[in-house]
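# Per-entry structural report
Spelled out, the chains give:
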Amino acid sequence: MCPTEDNFQQATDELYHSLLEGNKQFVKDTLDSDPQYFEKLAAGQSPPVLWIGCADSRVPANQITNMPPGEIFVHRNIANMVVHSDMNMLSVLDYAVNVLKVKHVVVTGHYGCGGVLAAMGNQQVGLIDNWLRHIKDVYRLHKEELDSIDDATERGNRFVELNVIESVYNLCKTSIVQNAWKNGQKLGVHGWVYSLKTGIITDMKVSAYDNENMDTVFKLK
Ligand code: CO
């Protein structure tokens, strides 16, 4: 049976209002446990971490790391990409590194990422195809390894990991990160992958704290 238009409208209205009701509950619960909570948080932020993650609704930075509000500065886009000409990402990175003085930048991908899987295929989705093209560049760099994996799920998982690893490298190559290192700022850049099935984060072990291992052509003086 198809829902009538009125029923559909009623259901979406209820969902919409439930968000505002949820907020009221959040304020009540929070004040019950700490009456000064909002007062303290409103005084300012000094998060030690910048998170660059996927826009996927199932990968919320604070919840999956068990961190309270105020601890993680967040930038999310489809497929957690670091594109060196993306003004949005660069502005967030610049503010996080140079104003907030974060200690760590973490790129977090997730297995089963729709963006990465779409980039593996040839189906047009729309404008997003042009954004996902950057992931096809990751494929081009790792074609041999990816083509050698027969199982489609495993190949997709590895593609997710490589997309994170390349994003970490892209971050390190930015003038923002390199200047921070040059100026002696302690800054770690890391790559993680989250499993939607287990909730566990895997460290890709590509953490960088300087540009020593970077190809010469990318090093900025
Ligand atoms: Co995703």
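Structural notes, computed from the coordinates. Here the structure is a predicted model, which means the values were calculated and not measured.

In this section: the coordination of the cobalt ion. The protein atoms that coordinate the cobalt ion are Cys 54 (SG), His 110 (NE2) and Cys 113 (SG), at distances spanning 2.1 to 2.3 Å. Linear spacing of the donor residues for the cobalt ion on their chain is C-x55-H-x2-C. Of this pair, Cys 54 sits in strand β1 (residues 49-54) while Cys 113 is found in the loop between β3 (104-110) and α5 (114-120), placing the two residues 59 residues apart along the sequence. Its relative accessible area of 5% is what places Cys 54 among the buried residues. Given the relative accessible area of 2%, Cys 113 is considered buried.

Of all the residues in helix α9 (residues 175-182), the buried ones are Ile 176, Val 177, Gln 178, Ala 180 and Trp 181. For α9, the secondary structure elements touched by its buried residues are α4 (87-99), α8 (152-173) and β4 (188-194). Note on α9: the residue one or two positions beyond its end, Gly 184, has a positive phi of about 80°.

For the rest of this paragraph, the subject is the pairing of β4. Within β4, six of the seven residues are buried, leaving the element largely enclosed by the surrounding structure. Two strands pair when backbone bridges link them, and β3 and β4 are joined in this way by seven bridges, in the parallel orientation. Within the sheet, the bridge partner assigned to Val 107 lies in β4 and is Gly 191. Counted between consecutive antiparallel strands, the loop separating β4 from strand β5 (residues 201-203) contains six residues, among which Gly 199 sits at a positive phi close to 80°.

We now examine the environment of Leu 41. Tracing the backbone through its elements, the reader meets Leu 41 in helix α2 (residues 37-42). A residue is classified by how much of its surface remains accessible, and Leu 41, at 36% relative accessible area, is partly exposed. In contact with Leu 41, not counting residues within four places along its chain, are Pro 69 and Gly 70.

Moving on to the packing of aromatic side chains. Scanning all chains against the criterion turns up five aromatic pairs. With a centroid separation of 5.8 Å and an interplanar angle of 40°, the aromatic rings of Phe 73 and Tyr 95 are classed as tilted. A residue pair is termed long-range when its members are at least 10 positions apart, and Phe 73 in strand β2 (residues 72-77) and Tyr 95 in helix α4 qualify at 22 residues. Residue classification places Phe 73 among the buried positions, given a relative accessible area of 18%. Judged by relative accessible area, which is 37%, Tyr 95 ranks as partly exposed. Three or more aromatic residues link up through ring pairs in this structure, and these residues are Phe 26, Tyr 37 and Phe 38.

Reading the values: rules and limits
- Residues numbered from 1 in each chain as written.
- Predicted model: local features only at pLDDT ≥ 70, side-chain atom pairs only at ≥ 80, totals over all residues.
- Heavy atoms only, no water.
- Donors = N, O, S within 2.8 Å, 3.2 Å for Na, K, Ca; no water.
- Helix = DSSP H or I, 4+ residues; strand = E, 2+ residues; numbered from the N terminus.
- Buried < 20%, exposed > 50% of the residue type's maximum accessible area, 1.4 Å probe, protein only.
- Contact = heavy atoms within 4.5 Å.
- Pairing = 2+ DSSP bridges.
- Phe/Tyr/Trp six-rings, centres within 6.5 Å; stacked < 30°, edge-to-face > 60°.

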